[in-house]
Amino acid sequence: QVQLVESGGGLVQTGGSLRLSCTASGRTFNSYAMGWFRQAPGKERDIVAGISGAGGRMYYADSVKGRFTISRDNAKNTVYLQMNSLKPENTAVYYCAASSSYYTTSPDEYDYWGQGTQVTVSP
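In this report, the structure presented in the accompanying data block is examined. (Residues numbered from 1 in each chain as written. Predicted model: local features only at pLDDT ≥ 70, side-chain atom pairs only at ≥ 80, totals over all residues. Heavy atoms only, no water.)

### Focus: the pattern of salt bridges
Operational definition: The salt bridge definition used is simple: a Lys or Arg side-chain nitrogen within 4 Å of an Asp or Glu carboxyl oxygen. Three labels apply to residues, based on accessible area from a 1.4 Å probe with only protein chains included: buried if under 20% of the type maximum, exposed if over 50%, partly exposed otherwise in between.
Taken as a whole, this structure holds 2 salt bridges when the rule is applied. One salt bridge in this structure joins R38 and D46, with 3.3 Å as the shortest N-O distance. Given a relative accessible area of 15%, R38 falls into the buried group. The class for D46 is partly exposed, based on a relative accessible area of 34%. Between K65 and D62 there is a salt bridge, with the nearest N and O atoms lying 3.1 Å from each other. Looking at D62, the relative accessible area reads 64%, which means it is exposed.

### Observations regarding the nonpolar core
Applied cut-off: For our purposes a nonpolar core is just a set of buried Ala, Val, Leu, Ile, Met, Phe, Trp, Tyr and Cys residues, chained together by side-chain atoms within 4.5 Å. Secondary structure elements follow DSSP: runs of H or I of four or more residues count as helices, runs of E of two or more count as strands, with numbering from the N terminus. Any two residues whose heavy atoms approach within 4.5 Å are treated as being in contact.
By size, the foremost hydrophobic cluster in this structure holds 31 residues, and its most contacted members are L4, M34, W36, V79, L81, M83 and Y94. Where this core is concerned, the elements lending two or more residues are strand 3 (18-24), strand 4 (33-39), strand 5 (46-51), strand 7 (68-73), strand 8 (78-83), strand 9 (92-99) and strand 11 (117-122). Among residues more than four places away in sequence, those in contact with M83 are G16, S17, L18, L20, R67, F68, Y94 and V119.

### Considerations on the state of the cysteines
Test applied: When the sulfur atoms of two cysteines come within 2.5 Å, that pair is taken as a disulfide.
Applying the stated criterion across every chain, the model contains 1 disulfide. Residue pairing for C22: its cysteine sulfur links by disulfide to C96, the two sulfurs lying 2.1 Å apart. Handedness here is read from the sign of the S-S torsion; for C22 and C96, about -80 degrees, the answer is left-handed. Here C96 lies in strand 9 and C22 lies in strand 3, a separation of 74 residues in the sequence. Exposure remark for C22: the relative accessible area of 0% places this residue in the buried category. C96 sits in the buried class, given a relative accessible area of 0%.

### So, the side chain of T104
Our working definition: Definition of a polar contact: a pair of N or O atoms within 3.5 Å, with one able to donate and the other able to accept a hydrogen when the atoms are protein atoms, and with sequence-neighbouring residues admitted only if both atoms are side-chain atoms.
Note that T104 resides in the loop between strand 9 and strand 10 (112-113). On the accessibility criterion, T104 (7% relative accessible area) is buried. Here E109 takes part through its side chain, which lies 3.2 Å from a polar atom of the side chain of T104. Discounting chain neighbours no more than four positions away, the residues touching T104 are A33, S99, E109 and Y110.

### Thoughts on the sheet that holds strand 8
As a reminder, the rule being used: Being paired, for any two strands, means DSSP has found at least two bridges between them. Fitted lines through C-alpha atoms give the axes, limited to the stretch in contact for helices. The angle between two N-to-C directions lies from 0 to 180 degrees.
Judged by pairing direction, the sheet is antiparallel, and its 4 strands sit side by side in the order 1-3-8-7 without closing on themselves. If you trace the sheet from one side to the other, it starts and ends with strand 1 (4-7) and strand 7, each paired once. Within this sheet the neighbouring strands show an average axis-to-axis angle of 15 degrees, counted without direction. Strand direction decides the pairing type here: strand 1 and strand 3, joined by 4 bridges, are antiparallel. Bridging across to strand 3, S7 finds its partner in S21.

Structure below.
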């Protein structure tokens, strides 16, 4: 089973930036599509960004386009989420996930999940 370890969350003021990292175990990292999901209090978990195994195809939620960037370094078994121009509404727990699919935005097709990292954006 793939193990995912997240880091990089924290407290930041409106307009600030954070970079989340997620490192996976195993030697087949480039076979997995990767995604970042968020869950705010009282809301369902939804996708923030996704990236294909080779990094050639990406997806962003409309609310983060132009501000967030997903990337991956397969040599390091790591996927990143660069978050710029943060807003209070971005406050949530962010989860890294891996899918055996080439590319998907469907949570049902993500097989492995990290434990989450808290992002808090103050006004």
